[in-house]
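A structural walkthrough
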Amino acid sequence: MSDMTERNRTQSAEGEFEPPVQTRKTVKRGGGDPATRGRTTIADGVVEKIAGMAARDVVGVHAMGSGLSRTFGAVRDRVPGGAKSVTRGVKVEVGEVQTALDLEIVVDYGVAIADVAQAVRENVIAAVERMTGLEVVEVNIAVSDVKLPEDEEEEPESRLQ
């Protein structure tokens, strides 16, 4: 045998030479990690809905949006087939990896506004980052009104009996 063949063989415990073990190369198909094959885009409306729901979950938030948008929303809610808008009071800018949010809220009378704003900010950031994977760079909160206890929104009495 040639020296090259002799080097490629291994010697067994009994002193006999065994043929070299051939290994098979694994071939990756498709160019690598599946997570890098394509793009995911998230619409502004998706982030608005997530942020609106997260903000409304905070104790002390009475409503979202300004007085005018709430008035139009109340009318829209009464129309048959009209759905409540969870995006009322929420504006977002969505980039490829980051997002910024502006929220307009109405707080209940008696709550500490700074504490409510902090809780809203934390809840919105956690929900948006967890669900979308986007980095939230800022959450600006504008408190547009305080809901007073005597401002109970009463249903208008029906004239029919």
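Residues numbered from 1 in each chain as written. Predicted model: local features only at pLDDT ≥ 70, side-chain atom pairs only at ≥ 80, totals over all residues. Heavy atoms only, no water.

**Remarks on the overall build of the protein chain**
A count of helices and strands for the protein chain gives four helices and six strands. Its helices and strands taken in sequence order, the protein chain reads α-β-β-α-β-α-β-β-α-β from the N to the C terminus. Relative to its 161 residues, the protein chain shows a buried fraction of 24%. Relative to all contacts within the protein chain whose residues are 6 or more apart in sequence, the contacts with residues 24 or more apart total 69%. (Helix = DSSP H or I, 4+ residues; strand = E, 2+ residues; numbered from the N terminus. Buried < 20%, exposed > 50% of the residue type's maximum accessible area, 1.4 Å probe, protein only. Contact = heavy atoms within 4.5 Å.)

**Observations regarding the nonpolar core**
Formed by 24 residues in total, the largest nonpolar core has its most connected members in Leu101, Leu103, Val120, Val124 and Val128. Elements with a contribution of two residues or more to this core: α2 (44-56), β3 (61-64), β4 (90-94), β5 (98-108), α4 (113-132) and β6 (135-147). Top contributing element to this core by residue count: α4, with six residues. In this structure Val124 touches Ala51, Ala54, Ala55, Leu101, Leu103 and Val139, once residues within four positions along its chain are discounted. (Core = buried A, V, L, I, M, F, W, Y, C linked by side-chain atoms within 4.5 Å.)

**Description of the pattern of salt bridges**
Under the defined criterion, the tally for this structure stands at one salt bridge. Among the salt bridges present, the one from Glu96 reaches Arg39, with a minimum N-O distance of 3.9 Å. In this pair, Glu96 sits in the loop between β4 and β5 while Arg39 sits in the loop between β2 (17-18) and α2, placing the two residues 57 residues apart along the sequence. By relative accessible area, Arg39 is classed as exposed at 67%. (Salt bridge = Lys/Arg side-chain N within 4 Å of Asp/Glu carboxyl O.)

**Examining the environment of Thr99**
Its place among the elements puts Thr99 in strand β5. With 30 residues separating them along the chain, Thr99 and Glu129 place their C-alpha atoms 9.4 Å apart. Thr99 has contacts with Val47, Val92, Glu93, Val94, Val128, Leu134, Glu135, Val136, Val137 and Glu138, leaving out every residue within four places of it along the chain. A distance of 2.8 Å separates the side chain of Thr99 from the backbone oxygen of Glu93, its partner in a polar contact. (Polar contact = N/O pair within 3.5 Å; in protein donor to acceptor, adjacent residues only side chain to side chain.)

**Thoughts on a negative patch on the surface**
A grouping of Asp44, Glu93, Asp102 and Glu138 is seen on the molecular surface, where their side chains present a negatively charged patch. Here Asp44 lies in helix α2. (Patch = residues over 30% accessible without salt bridge, like charges linked within 9 Å, V, L, I, M, F, W, Y side chains within 5 Å. Areas by Shrake-Rupley, 256 points an atom, 1.4 Å probe, with all protein chains shown as cover. Lys, Arg positive; Asp, Glu negative; His and termini not counted. Charge placed at Lys NZ, Arg CZ, Asp CG, Glu CD.)

**Here we look at the pairing of β5**
For β3 and β5, the ladder comprises three bridges, and the chain directions are antiparallel. Paired with Met64 across the bridge in β5 is Ile105. Strand direction decides the pairing type here: β4 and β5, joined by five bridges, are antiparallel. Looking at the pairing, Val90 lines up with Leu103 of β5. In this structure, the hairpin formed by β4 and β5 is closed by a connection of three residues. Note: β5 against β6, 11 bridges, orientation parallel. (Pairing = 2+ DSSP bridges.)

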